[in-house]
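These are the residues of each chain, in order.
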Amino acid sequence: MTSNVNTGPESIRITRVTDRDIPALWRMANREAEYERMSDSFTATEQTLKEALCAQRPAAEAIIARVGEEPVGFSVCYPTFSTFSARWGLYMEDLFVEEKWRGHGIGYKLLAHVAAIALERGYHAVNWSVFKWNVSAIGFYHRIGGQRLDAWDHFSLTGEALRDLAQRT
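Residues numbered from 1 in each chain as written. Predicted model: local features only at pLDDT ≥ 70, side-chain atom pairs only at ≥ 80, totals over all residues. Heavy atoms only, no water.

Chemist: Break down the packing of aromatic side chains for me, with residues and values.
Modeler: Enumeration according to the criterion identifies nine aromatic pairs in this entry. Taking 6.2 Å as the distance between ring centres and 75° as the angle between the ring planes, the aromatic pair formed by Phe 81 and Trp 88 counts as edge-to-face. For Trp 88, a relative accessible area of 45% corresponds to the partly exposed category. Arranged with centres 6.1 Å apart and planes meeting at 20°, the rings of Trp 88 and Tyr 123 form a pair that is stacked. Taken as a pair, Trp 88 in strand E5 (residues 87–97) and Tyr 123 in the loop between helix H3 (106–120) and strand E6 (126–128) lie far apart in primary sequence, 35 residues in all. The buried category is assigned to Tyr 123, whose relative accessible area is 13%. Each member of the aromatic cluster is reached from another via a ring pair, and the members are Tyr 35, Phe 131 and Trp 133. (Phe/Tyr/Trp six-rings, centres within 6.5 Å; stacked < 30°, edge-to-face > 60°. Buried < 20%, exposed > 50% of the residue type's maximum accessible area, 1.4 Å probe, protein only. Helix = DSSP H or I, 4+ residues; strand = E, 2+ residues; numbered from the N terminus.)

Chemist: Summarise the packing of helix H1 (residues 22–35) against helix H2 (residues 46–53); cite the residues concerned and give the values.
Modeler: Two elements in contact, H1 and H2, have axes whose closest approach is 9 Å; the angle formed by their N-to-C orientations is 110°. Taken as axis vectors, H1 and H2 run roughly perpendicular relative to one another. When you trace H1 past H2, the crossing you get is right-handed. Along its contact with H1, which presents Ile 22, Pro 23, Leu 25 and Trp 26, the element H2 presents Glu 46, Leu 49, Lys 50 and Leu 53. In terms of residue class, the contact of H1 with H2 is built from six nonpolar, no polar and two charged. (Axes fitted to C-alpha atoms, helices over the stretch in contact; angles between N-to-C directions. Parallel < 35°, antiparallel > 145°, perpendicular 65-115°, else oblique. Left-handed = near helix turned anticlockwise from the far one by under 90°. Contact = heavy atoms within 4.5 Å. Nonpolar A, V, L, I, M, F, W, Y, C, P; charged D, E, K, R; others polar.)

Okay, structure coming up:
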């Protein structure tokens, strides 16, 4: 699936990430980590991204947005499952647009592309998380019809806590 939209003289082209896109994806993911104030958590390498996203059975799917030949944004998502509806969904792990390209409809097109993938597969929803401090993203998500789910708090088990719990099996 490829999407196009005009941005003046050039168009936004969205395609599935391939091996040749990995260096650009890595650079943008690194900038996303900086933007999200999480650079200390960024441990991905081009090789680990390639192994995860371009494998026979990829861990997730990635799409990349380009204006002309310039990579300007990306999204990464993976399937989820709801036992309440007994249906599949997509979890959008990342939605990132280079700073100079924000406000040109690229984030909208990336998210629309993810939504189209979900509907094409018969999935019931697209879900994602956003930092509470990221008011511009929250405003964007509200404008496109996203609903804040206040009923849940997200948790993460990593590092030493993950190892400690796993050892108790």
